[in-house]
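Summary of structural features
These are the residues of each chain, in order.
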Amino acid sequence: MAFDFDLFVIGGGSGGVRAARVAAGEYGLRVGLAEEDRYGGTCVIRGCVPKKLMVFASGYPDQIKDAVAYGWDASCGAFNWPAFRGRLEAELDRLETVYRGLLAGSKVQSFDARARIKDPHRVVLADGREFTAAHILIATGGRPVVPDDVPGAELGITSDDVFHLGALPKSILIIGGGYIACEFAGIFNGLGSKVTQFYRGAQILRGFDDEARALVGDEMRHAGVDLHLGTNIVSMDRAGSAIKVTATNGMVAEFDQVLFATGRAPNSADLGLEELGITLARDGAVPVDDYSQTSVPSIFAIGDVTNRVNLTPVAIREAMAFTATVFGGTPTPVDHDLIPTAIFTQPEMGTVGLSEEEARENGPIEVYTTSFKAMQSGFAGRSARVFMKLVVCADSRKVLGCHIVAPGAGEMIQLAGIAVKMGATKEDFDRTVAVHPTMAEELVTLRKPTRTA
Ligand code: NDP
């Protein structure tokens, strides 16, 4: 059968665009791509990119205070949210244009429409147009979810809305203790909002190394975030222009905004999958095998819609593995092991591999830690501490995990991640000469284990 396209991609985010570009540009295939919203997806339009720009914006007051301590005559003044938002919007417009240009440059035919799968080789656009394709790739990403058991929850916002706020809230309550909640707590705190955060568990950033996340929590509090652990929201009511919140700890307070950062769900609804016999997972994820193939051989899925590891660079890897497998003749499973990642909290956290708690399960291990005042901010009189940890297998000597809480931890963990991925041993770290004076040099000068387990 002659198909209209060799590949039809649904979703124009990081994963979908990469797969489409590689299939068309490198393999010379006929590729169509449908996107119902803006090109660039979560990362570019409402995630990593605008978030990181807000992290930068929120860091200036402390930097200016430090500059004064270093002898500069400087003062910060007020933050102009509309001015920043205007620049942010212009930057996102520019990036979206780049994404569209990349697709056009690779001769991908783009459709600004929602698409639905009608049969294993056919998609239908919202305007009724139908196309056939040898392969269909679902790359529709995810979306924020709000608990459905909180009366008044519709008064709150999600991370999607943050970048469009008309005004910077004077006060904001953030619900959740994951990446998004903690990153926005730091952002709004730095920008000058009074930030309260409720997390239902015992410590924020569940799943990460206990000591590292405890330090992030302590430093967030020290920076001014009013963090309530073991606390959740009960109900929300309108109170004039504010929102009145009742909490499980009995607290009743008013906030300008309430941000739900209570997790994300795959965008898998109404794609036509169930009709084709693809049963979605309980969380809505599209089930796939190691090659991102669904139970229908011509249909594949990558990125957040599969809810494997929900990170942009992972979606891009999954796209590359998909194209190599399906079009390159090289079956390539996606390697989800030892993925370095950073959480852009203030202070930043970078991590790769096993937490101490995970590694203990398979012991024996040696744990090397260091904690010290960073030179730059310490000179300026700030007490902020840096923390680094190496988790080492006592038998193989391999570094199983590396955890860093420090300014620039994201940059550091990218490089430490190479060593850990290569299987470097503690002795490999030790024989690497320190770069002095840096924070990262501590990673190669950790002499004695802090503890063994
Ligand atoms: P997470 O799943 O990481 O965190 C959700 C948080 O909300 C958890 O603390 C969870 O608590 C809490 N929660 C869930 N349901 C409720 C509820 N009903 N009431 C109260 N609290 C609730 O999701 P995020 O939205 O923060 O991030 C989603 C994903 O996006 C991340 O896992 C990550 O993969 C990616 N991401 C990556 C970033 C980066 O690389 N820097 C930045 C932002 C996102 P509990 O722990 O008890 O379940």
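Up top you'll find the structure we're talking about.
Read on for an overview of the structure. Model, not experiment: these values are computed from the prediction.

What counts, and at which threshold
- Residues numbered from 1 in each chain as written.
- Predicted model: local features only at pLDDT ≥ 70, side-chain atom pairs only at ≥ 80, totals over all residues.
- Heavy atoms only, no water.
- Near = heavy atom within 4 Å.
- Polar contact = N/O pair within 3.5 Å; in protein donor to acceptor, adjacent residues only side chain to side chain.
- Helix = DSSP H or I, 4+ residues; strand = E, 2+ residues; numbered from the N terminus.
- Nonpolar A, V, L, I, M, F, W, Y, C, P; charged D, E, K, R; others polar.
- Axes fitted to C-alpha atoms, helices over the stretch in contact; angles between N-to-C directions.
- Left-handed = near helix turned anticlockwise from the far one by under 90°.
- Contact = heavy atoms within 4.5 Å.
- Phe/Tyr/Trp six-rings, centres within 6.5 Å; stacked < 30°, edge-to-face > 60°.
- Buried < 20%, exposed > 50% of the residue type's maximum accessible area, 1.4 Å probe, protein only.
- Lys NZ or Arg CZ within 6 Å of the ring centre and 35° of its normal.
- Pairing = 2+ DSSP bridges.
- Expected span 1.5 Å × (residues − 1).

Around the ligand there are 21 residues in total, and Gly177, Tyr199, Arg200, Arg206 and Asn310 lie nearest to it. In this structure, isoleucine 180 approaches the ligand through a main-chain N or O atom, which is 2.9 Å from an oxygen atom. Taking tyrosine 199, its side chain carries an N or O atom lying 2.6 Å from an oxygen atom of the ligand. Mapped onto the shell around the ligand, the elements with two or more residues apiece are α6 (179–191) and β17 (341–343). Considering each element in turn, the shell around the ligand owes the most residues, three residues, to α6. Each residue belonging to the shell around the ligand can be placed in one class, and the counts come to eight nonpolar, eight polar and five charged.

It is the contact of helix α3 (residues 48–69) with helix α4 (residues 81–105), at a shortest axis distance of 11 Å, that shows an interaxial angle of 145°. Of the two elements, α3 crosses α4, and the hand of that crossing is right-handed. Where α3 abuts α4, its residues Val49, Pro50, Leu53, Met54 and Ala57 lie against Trp81, Phe84, Leu88, Glu91, Leu92 and Leu95. The residue inventory of the contact of α3 with α4, partitioned by class, reads 10 nonpolar, no polar and one charged.

So, about the packing of aromatic side chains. Within the structure shown, the criterion is met by 16 aromatic pairs. Both rings, one in tyrosine 179 and one in phenylalanine 208, keep their centres 5.5 Å apart while their planes meet at 65°; by these two values the pair is edge-to-face. Within this pair, whereas tyrosine 179 is found in helix α6, its partner phenylalanine 208 is found in the loop between β9 (194–199) and α7 (210–223), the two being separated by 29 residues in sequence. By relative accessible area, which is 15% here, phenylalanine 208 ends up buried. Every member of this aromatic cluster is reached through a ring pair, and the members are Phe5, Phe8, Phe111 and Phe131. Over the face of the ring belonging to tyrosine 368 we find lysine 426, whose NZ or CZ atom lies 4.2 Å from the ring centre.

The next thing to look at is the sheet that holds strand β18 (residues 349–353). The strand order across the open sheet formed by six strands is β17-β18-β21-β20-β19-β22, and the pairing between neighbours is antiparallel. At either margin of the open sheet sits one strand with a lone partner, and together these are β17 and β22 (451–452). As paired strands, strand β19 (residues 365–373) and β22 are joined by two bridges and run antiparallel to one another. From the neighbouring strand, valine 367 faces β22, where its bridge partner is arginine 451.

Here the focus is unusual backbone geometry. In this structure, the amide linkage connecting glycine 363 to the following residue, proline 364, adopts the cis form with an omega of -5°. You can see proline 364 is positioned in the loop between α9 (356–362) and β19. A cis amide bond, omega -10°, links histidine 436 with the succeeding residue proline 437. Positionally, proline 437 belongs in the loop between α12 (426–430) and β22.

What follows deals with the side chain of aspartate 209. Structurally, aspartate 209 is set in the loop between β9 and α7. Judged by relative accessible area, aspartate 209 falls into the buried class, the value being 1%. Apart from residues no more than four positions distant in its own chain, aspartate 209 is found in contact with Ser355, Glu356, Glu357, Lys389 and His403.

Here we take up the environment of glycine 410. Positionally, glycine 410 belongs in helix α11 (residues 409–422). The class of glycine 410 is buried, set by a relative accessible area of 16%. Glycine 410 sits 32 residues away from glutamate 442 along the chain, and the two C-alpha atoms are 16 Å apart. Filtering out sequence-adjacent residues up to four positions away, glycine 410 remains in contact with Ala342 and Glu348.

What follows is about the pairing of strand β6 (residues 130–138). In terms of residue burial, β6 counts as a mostly covered element, since seven of its nine residues are buried. Here strand β1 (residues 5–10) runs beside β6; their pairing, made up of five bridges, is parallel. When the bridges of β6 are listed, phenylalanine 8 appears paired with isoleucine 136. Bridge count for strand β5 (residues 122–125) against β6 is three bridges, and the pairing is antiparallel. When the sheet's bridge partners are listed, arginine 122 is paired in β6 with threonine 132. In sequence, β5 turns back onto β6 through a hairpin of four residues, with glycine 128 there showing a positive phi of about 100°. Bridge count for β6 against strand β16 (residues 299–301) is three bridges, and the pairing is parallel. Following the sheet pairing, isoleucine 136 is matched in β16 by isoleucine 299.

A separate point is α7. Its 14 residues place the ends of α7 20 Å apart at the C-alpha level, agreeing with the 20 Å of an ideal helix rising 1.5 Å per residue. Tucked into the core, α7 has its buried residues touching α6, β9, β10 (226–229), β18, β20 (385–393) and β21 (399–405). The N-cap of α7, judged by a side-chain oxygen 3.2 Å from the amide nitrogen of glutamate 211 a few residues on, is aspartate 209. The first or second residue beyond α7 is glycine 224, which carries a positive phi of 120°.

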